[in-house]
Amino acid sequence: MSFTLAKGLTKIAPWQINNPHPNSPMEIIHLLDDFFYSLFPEIQKGDSGSLKEALLHFYRVGIYEPTVTVDDTLVRVVIDLDVMGPMNQDYKRIISLCEKGNFADAKILLLPLVHQFRTHSELHRLLGQIESELGNQEEAIHSLIDALRWDSKNTSALLMMGNIFLRFKKEPEIAMRYYNQALVVNPEDSLTANNIAATLMQMNQWEKAEEFLQKAEKSNPSFPNTHYGLGLLYEEKREFPKAFESFLTAVKVNPKRDELFKQSLHKLFGVAQTIVDSSLVEDVIAEYLRKMVEGQGTDIRIEKSESIPYSAKIEYAELYDRDYHLIRYQPHRPAVAHLVMHELAHLQFTVEAKKAHQYKLITSDEESKNLFKIQIASFTSRLAEKGVLAGGGRRIH
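The structure displayed is predicted, hence computed values, not measured ones.

**Q** What is the right way to look at the nonpolar core in this model?
**A** Burial of nonpolar side chains together is a common tendency in soluble globular proteins. Counting residues in hydrophobic clusters, the biggest one holds 88 residues, and the most contacted among them are L55, Y59, I79, Y178 and L344. For Y178, the residues in contact, after removing those within four places along its chain, are F35, I145, L148, L158, M161, G162 and F165. Ranked by size, the runner-up nonpolar core spans 16 residues in total, among them Y91, I94, L113 and F117.

Structure follows, in structure tokens:
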């Protein structure tokens, strides 16, 4: 199974840049751990001589010699130069080009800035993102490594490295190294937790993936990618009621109506059909019904009816002067359980609209109905000619 950028992961940040405070000496601190040695593979572990020599060489900026201090656990590099942010017209043009997808032109403008401001981690990160968009993944990795050498806490660079190794290199173990490092920098970051879960799912480590997705959900319950990821996970584990709830939430919290919204909706209907076709359907309806009653306080009844012209319909309590909502269905129609769930979902949306003070009740009398039928007579005639209304037609909500 696949959990790709388009479906569950989110691309790194918009086309923007974070500028350090100007006019301050630069200080870079690295922990002497495995991650540090992955950034500087030419350095021998435990060899302080080669370590110092390599860092003096890398961090030398023109006439500015770095000061490198090493102890048992970390290394500190100080460069006595002013860090100036590259906020100029070229930079603004680069961002504009990236937003329009003109990455090749953006790269031409960015390269001189990277050379001029080589101590600026975010410029290297931006170049890495552009290279990746252009399909140059090796060049992207080199730029992102430079970004992390200048700032090992650059979470955007860490996430992008993870995405490249997961998506293009198909090396989830290496991707995990960068995702985990991003989580060390920012333990509460829901995007990082989401990406880690995606990697674990590709490695078939479902229980661990669920832990990270639940962590991401707790950190940001309105992030649709997380709920989509949970839906995929529960679907893979054949926990279809949970998958249904997760995909439904992914749809509800996604106001963009984007590709993820479409995929979530597609999955929602697919899981619903799986539930309908299985022996779980009665249990699912009962549990959904219980939650609905608890959530809105009005009783809900479901009953068979041979007399209704539709496969299923809902009769709202306030329209029928009752103290309960009634869902009626024809027992001999196909997939009526799915339609009952459909009516329950309508009720849920109605209840939520009421709570948000956005509920509108529209009613009509016979005179209004007849006038409406006259107004759409030509349209219904064309539908009838095509056989669309044969057999009683369909109800439009």
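**Q** Whenever I open this one, the sheet that holds strand 6 (residues 324-329) confuses me. Can you help?
**A** Sheet strands pair by backbone hydrogen bonding; their relative direction is either parallel or antiparallel. Reading across from one edge, 4-6-5 is the order of the 3 strands in this open sheet, with mixed pairing throughout. The outermost strands of the open sheet, each flanked by one partner alone, are strand 4 (299-304) and strand 5 (312-315). Put simply, the sheet's adjacent strands are angled 20° from each other on average, direction ignored. Pairing geometry for strand 4 and strand 6, over 6 bridges, is parallel. Across the sheet, I302 pairs through a bridge with I327, a residue of strand 6. The strands touched by helix 15 (residues 336-355) are strand 4, strand 5 and strand 6; relative to strand 6, the strand with the most contacts, the crossing angle is about 155°.

**Q** It is not clear to me how the side chain of S305 should be interpreted in this structure. Could you clarify?
**A** Tracing the backbone through its elements, the reader meets S305 in the loop between strand 4 and strand 5. Within the local environment of S305, its side chain forms a polar contact with the side chain of S307, the two groups lying 3.1 Å apart. A polar side-chain atom of S305 sits 2.9 Å from a polar atom in the side chain of R328. Apart from residues lying up to four places away in sequence, S305 is in contact with R328, Y329, Q330 and P331.

**Q** Sorry if this is basic, but what is going on with helix 4 (residues 103-116) here?
**A** Structurally, the α-helix is built with 3.6 residues per turn, so residues lying three or four positions apart point the same way. Here helix 4 spans 20 Å end to end across 14 residues, near enough to the 20 Å set by a 1.5 Å rise per residue. The axis of helix 4 is deflected most strongly, by about 30°, at L110, and proline P112 appears within four residues downstream. Contact partners of the buried residues in helix 4: helix 3 (89-99) and helix 5 (121-133).

**Q** How should the packing of helix 10 (residues 206-219) against helix 11 (residues 224-236) be read in this particular structure?
**A** Two elements in contact, helix 10 and helix 11, have axes whose closest approach is 10 Å; the angle formed by their N-to-C orientations is 155°. Classified by the angle their axes make, helix 10 and helix 11 are roughly antiparallel. As for the relative orientation of helix 10 and helix 11, their crossing is left-handed in sense. Contact residues: W206, A209, E210, L213, Q214, A216 and E217 in helix 10; T226, H227, G229, L230, L233, Y234 and E236 in helix 11. Classifying every residue of the contact of helix 10 with helix 11 by side-chain character gives 7 nonpolar, 4 polar and 3 charged.

Criteria and thresholds
- Per chain, the residues get numbers from 1 upward, laid out in the order the sequence is written.
- Selection of residues for local features in this predicted model requires a pLDDT of at least 70, selection of side-chain atom pairs for listing and counting requires 80 or more, and totals for whole chains, interfaces and linings are taken over all residues.
- As a rule here, side-chain values come from all non-hydrogen atoms in the structure, and water together with hydrogens is ignored.
- To qualify as a nonpolar core, a set must consist of buried Ala, Val, Leu, Ile, Met, Phe, Trp, Tyr and Cys residues joined through side-chain atoms within 4.5 Å.
- When a residue's accessible area, from a 1.4 Å probe over protein chains only, is under 20% of the maximum for its type it is buried; when over 50% it is exposed; and in between it is partly exposed.
- Here a residue-residue contact requires only that any non-hydrogen atoms of the pair lie within 4.5 Å.
- Two strands are said to pair when DSSP picks up at least two bridges between them.
- Where helices and strands are cited, they refer to DSSP runs of H or I of at least four residues and of E of at least two residues respectively, numbered from the N terminus.
- Here the axes come from fitting lines to C-alpha atoms, over the contacting stretch only for helices, and the angles between their N-to-C directions go from 0 to 180 degrees.
- In protein, a polar contact means a hydrogen-donor-capable atom and an acceptor-capable atom, both N or O and within 3.5 Å, with residues adjacent in sequence counting only if both atoms are side-chain atoms; elsewhere, any N or O pair within 3.5 Å suffices.
- Working rule for helices: expected span equals 1.5 Å times residues minus one.
- Fitting axes to the seven residues that end at a residue and to the seven that start at it, the angle between those axes gives the bend at that residue.
- Here is the rule for angles: anything less than 35 degrees is roughly parallel, anything more than 145 is roughly antiparallel, 65 through 115 is roughly perpendicular, and the remaining ranges are oblique.
- Each crossing gets its handedness from the near helix: less than a right angle anticlockwise from the far helix is left-handed, clockwise is right-handed.
- When residues are grouped by polarity, Ala, Val, Leu, Ile, Met, Phe, Trp, Tyr, Cys and Pro land in nonpolar, Asp, Glu, Lys and Arg in charged, and all others, Gly among them, in polar.

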